Amino acid sequence: MNTPTLSYRQVIEEMLGEKAFAFIAKGRELAKKGYKVYSFGIGQPDLPTPDHIIEAGIKALREKFTGYTETAGIPELRSAIAEYLNTRYGSDVKPDEVIVTPGTKGAIFLAIMTYLRPGDEIIIPEPSYPAYSEISKVLGINRVFVPLKWLGEDKGFALPIEEIEEAITPKTRMIVVNNPHNPTGGLFEPRQLDELMDIARRHKLMILVDEIYDNFVYDNAEFKSMISYSDWRDYIVYTNGFSKTFSMTGWRLGYLVVRREVAQHLPKLAVNIWGCPVSFGQKAAIIALKGDWTPIKKMIELFRMRRDLLVEKLRKIPGFEVWKSKGAFYLFPRIKKILDETGLDVEEFVNKIIDKYHIILLPGTAFPDKAGREFLRLSFCTDFETIEEGTQVLKKAVEEILSTSKR
Ligand SMILES: Cc1ncc(COP(=O)(O)O)c(C=O)c1O
């Protein structure tokens, strides 16, 4: 093709990432046509940002805090983030080791762009949130996927520690750890994180840590933040953000923490890409961290109750193996029996459920690479009524699909 504007890089076309959005968009289309749609697709809290945070954003706007800010974020916010992490996780992060970014996605992008060179290898436990893999792909970094361990309905998912170590080659530079985990809802045991940290120390590798769901931990399960290791500066680039905890997905605010010698250079990269994080949002983010956490705690308790209901209902559906997730706001049931009996693959199954029954689920294959092919992701960012009714319709749908399957 000679037309210059059509000679874009092929890899852009090959990126994954809109897969989840495509299924959600399908749901929106159906709703527009007047159908009752039950959505378990969405990956953001369905509650709005708490009022006191919104008010702080409005106040900043009224005070005309509308210009560019420091590229790394305003000093008060960088301090507030360091203080939050240190108070909570006993770490010793300094404000000048914090870079505020447009969303956690911005932080992930900076981390990968800063550390990996074309031809390097990044180890990604899969299924996985797509950004690590897709940004790597665009930058010519080789992705090595290692499947998480599925331990069954009682135990859920574990990090494949031995397999990760076996996957290391001289080209490996980074291992990704997202904990609590999207899409499985997994919460990795502190012992496993210790083992992973040992691997990083022995092989001199970096760990890209994404703890965006660190407040969504249920049943008093133990969550260990990897920023709490005393030698984090040697091995860790840490990312987190405001989207999930404070229901601020549209505000686009995240952050990256890395040792000072590197952090001081990151604004040079960031200023050339986005200039600075959103100005008034940063003022609101300070209030989010330092203000009243009551609405957040209430939201998390509400999510726990929804999870319990969703687990109870899904376990009544034939062919569903449901582990009660311990973190984030997702369930990741295994439906291998249904796929085996019907001969459908998970995407065909999901499409059938959406098209005929108007229930939005995501196929595990929306989360690279292939380990999710026997699983579905359901988000419980939805009300009790949708959970009650949606699972009833889903049960009927599965029974119908099973009874008409040709195998
Ligand atoms: C694991 C994980 N990391 C990062 C993000 C990106 O969040 P943000 O809205 O802060 O860019 C998400 C959003 O779904 C996520 O699930």
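In this text the structure is predicted, and so the values were computed from the model without any measurement. (Residues numbered from 1 in each chain as written. Predicted model: local features only at pLDDT ≥ 70, side-chain atom pairs only at ≥ 80, totals over all residues.)

**Describing the site of the ligand**
Argument step 1. Near the ligand, the surroundings consist of 13 residues, among which Gly103, Thr104, Lys105, Gly241 and Ser243 are the closest.
Argument step 2. The dominant element in the shell around the ligand, judged by the number of residues it contributes, is helix H5 (residues 103–115), at three residues.
Argument step 3. For the shell around the ligand, the class distribution of residues is two nonpolar, nine polar and two charged. (Near = placed C-beta within 6 Å. Helix = DSSP H or I, 4+ residues; strand = E, 2+ residues; numbered from the N terminus. Nonpolar A, V, L, I, M, F, W, Y, C, P; charged D, E, K, R; others polar.)

**Some words on the environment of Ser325**
Argument step 1. Looking at the element boundaries, Ser325 is found in the loop between helix H13 (294–314) and strand S11 (330–331).
Argument step 2. Along the primary structure Ser325 and Gly186 are separated by 139 residues, whereas in three dimensions their C-alpha atoms are 5.9 Å apart.

**Topic: helix H8 (residues 190–203)**
Argument step 1. With 14 residues, H8 ought to run about 20 Å at 1.5 Å a step, and its terminal C-alpha atoms sit 20 Å apart, in line with that.
Argument step 2. Close packing links the buried residues of H8 with helix H7 (161–167), strand S7 (172–178), strand S8 (206–210) and helix H9 (232–235).
Argument step 3. Immediately beyond the C-terminal end of H8, within one or two residues, lies Lys204, with a positive phi of roughly 55 degrees. (Expected span 1.5 Å × (residues − 1). Contact = placed C-beta atoms within 7 Å.)

**Brief notes about the domain arrangement of the protein**
Argument step 1. Under the domain assignment used here, the protein contains domain 1 (4–48 + 294–401) and domain 2 (53–290).
Argument step 2. At the junction of the two partners, domain 1 supplies 33 residues and domain 2 supplies 36 residues.
Argument step 3. Looking at the side of domain 1 that touches domain 2, the elements with two or more residues in it are H13 and S11.
Argument step 4. The element best represented in the side of domain 1 that touches domain 2 is H13, accounting for six residues. (Domains from an automatic or database assignment.)

**Focus on helix H4 (residues 75–89)**
Argument step 1. Here H4 spans 21 Å end to end across 15 residues, near enough to the 21 Å set by a 1.5 Å rise per residue.
Argument step 2. Those residues of H4 not exposed but buried are Leu77, Arg78, Ala80, Ile81, Ala82 and Leu85.
Argument step 3. Packed against the buried residues of H4 are strand S2 (98–101), strand S10 (254–257) and helix H12 (279–290).
Argument step 4. Downstream of H4 by one or two residues, Gly90 has phi in the positive range, about 65 degrees. (Buried ≥ 20, exposed ≤ 12 C-beta atoms within 10 Å, placed from the backbone.)

**What to know about the packing of H5 against helix H6 (residues 131–138)**
Argument step 1. Contact pair H5 / H6: the axes reach a minimum separation of 10 Å and the direction vectors enclose 45 degrees. Classed by the angle they form, the pair H5 and H6 counts as oblique. You can see that H5 and H6 cross each other, and the crossing is right-handed. Of H6, the residues touching H5 (which contributes Lys105, Ile108, Phe109 and Ile112) are Ala131, Tyr132, Ile135 and Ser136.
Argument step 2. Within the contact of H5 with H6, the residues separate by chemical class into six nonpolar, one polar and one charged. (Axes fitted to C-alpha atoms, helices over the stretch in contact; angles between N-to-C directions. Parallel < 35°, antiparallel > 145°, perpendicular 65-115°, else oblique. Left-handed = near helix turned anticlockwise from the far one by under 90°.)

**Looking at the sheet that holds S10**
Argument step 1. In spatial order, the strands read S2-S10-S9-S8-S7-S3-S4; together these seven strands make up an open sheet with mixed pairing. At either margin of the open sheet sits one strand with a lone partner, and together these are S2 and strand S4 (142–147). In this sheet, adjacent strand axes meet at a mean angle of 20 degrees when their direction is disregarded.
Argument step 2. As paired elements, strand S3 (residues 121–126) and S4 share six bridges and run parallel to each other. Paired with Glu121 across the bridge in S4 is Asn142.
Argument step 3. Each of S3, S4, S7 and S8 touches H6; the most contacted strand, S3, lies at about 155 degrees to it. (Pairing = 2+ DSSP bridges.)

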